Amino acid sequence: MIAITIIQLISCLVMIGIVLLQSGKRSGLSGAIAGGADTFMTKTKAKSLDSKLAKWTKWVALVFVLLTLVLNLI
């Protein structure tokens, strides 16, 4: 039971880190002012990294929810 709790804590911290690494959906006023400086390569690179981070967020969140349910049933 303690091992499951430790794994849940680690998955929680990993999920927090992944979410913080993702870029926001809107860049706001600063994106409107400096938006011309972005090239095609930087945009596609950021989108591919964001898509990988989004996929990892889903998997880590699924592990977190399943561990929460297991701990609740114990």
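Residues numbered from 1 in each chain as written. Predicted model: local features only at pLDDT ≥ 70, side-chain atom pairs only at ≥ 80, totals over all residues. Heavy atoms only, no water.

Participant: Lay out the overall build of the protein in plain terms, naming residues and giving numbers.
Facilitator: Scanning the protein for helices and strands turns up three helices and zero strands. Look at the contacts in the protein between residues 6 or more apart in sequence, and 100% of them connect residues 24 or more apart. When the accessible surface of the protein is summed, it comes to about 6,200 Å², and 74% of that surface belongs to carbon and sulfur atoms. (Helix = DSSP H or I, 4+ residues; strand = E, 2+ residues; numbered from the N terminus. Contact = heavy atoms within 4.5 Å. Areas by Shrake-Rupley, 256 points an atom, 1.4 Å probe, with all protein chains shown as cover.)

Participant: Tell me what's going on with a nonpolar patch on the surface, and back it up with residues and numbers.
Facilitator: On the surface, a nonpolar cluster with roughly 650 Å² of combined accessible area is contributed by Trp56, Trp59, Leu62, Val65, Leu66 and Leu69. Among the structural elements, leucine 62 can be located in helix α3 (residues 40-73). (Patch = residues over 30% accessible without salt bridge, like charges linked within 9 Å, V, L, I, M, F, W, Y side chains within 5 Å. Salt bridge = Lys/Arg side-chain N within 4 Å of Asp/Glu carboxyl O.)

Participant: Please give an account of the side chain of serine 11 that cites residues and values.
Facilitator: Along the chain, the position of serine 11 falls in helix α1 (residues 2-21). A relative accessible area of 8% means that serine 11 is categorised as buried. Sequence-distant contacts of serine 11, that is, excluding residues within four places in its chain, are made with Val60, Val63, Phe64 and Leu67. (Buried < 20%, exposed > 50% of the residue type's maximum accessible area, 1.4 Å probe, protein only.)

Participant: So what's going on with α1? Residues and values would help.
Facilitator: Between the first and last C-alpha of α1 there are 29 Å, a value that for 20 residues agrees with the 28 Å anticipated at 1.5 Å per step. Among the residues making up α1, those that are buried are Gln8, Ser11, Met15 and Ile18. For α1, the angular spread of buried residues about the axis comes to 90°, placing them on one side. More than 90 degrees from the buried face of α1, the exposed residues found are Ile2, Leu9, Leu13, Leu20 and Leu21. (Expected span 1.5 Å × (residues − 1). Arc of directions from axis to C-beta.)

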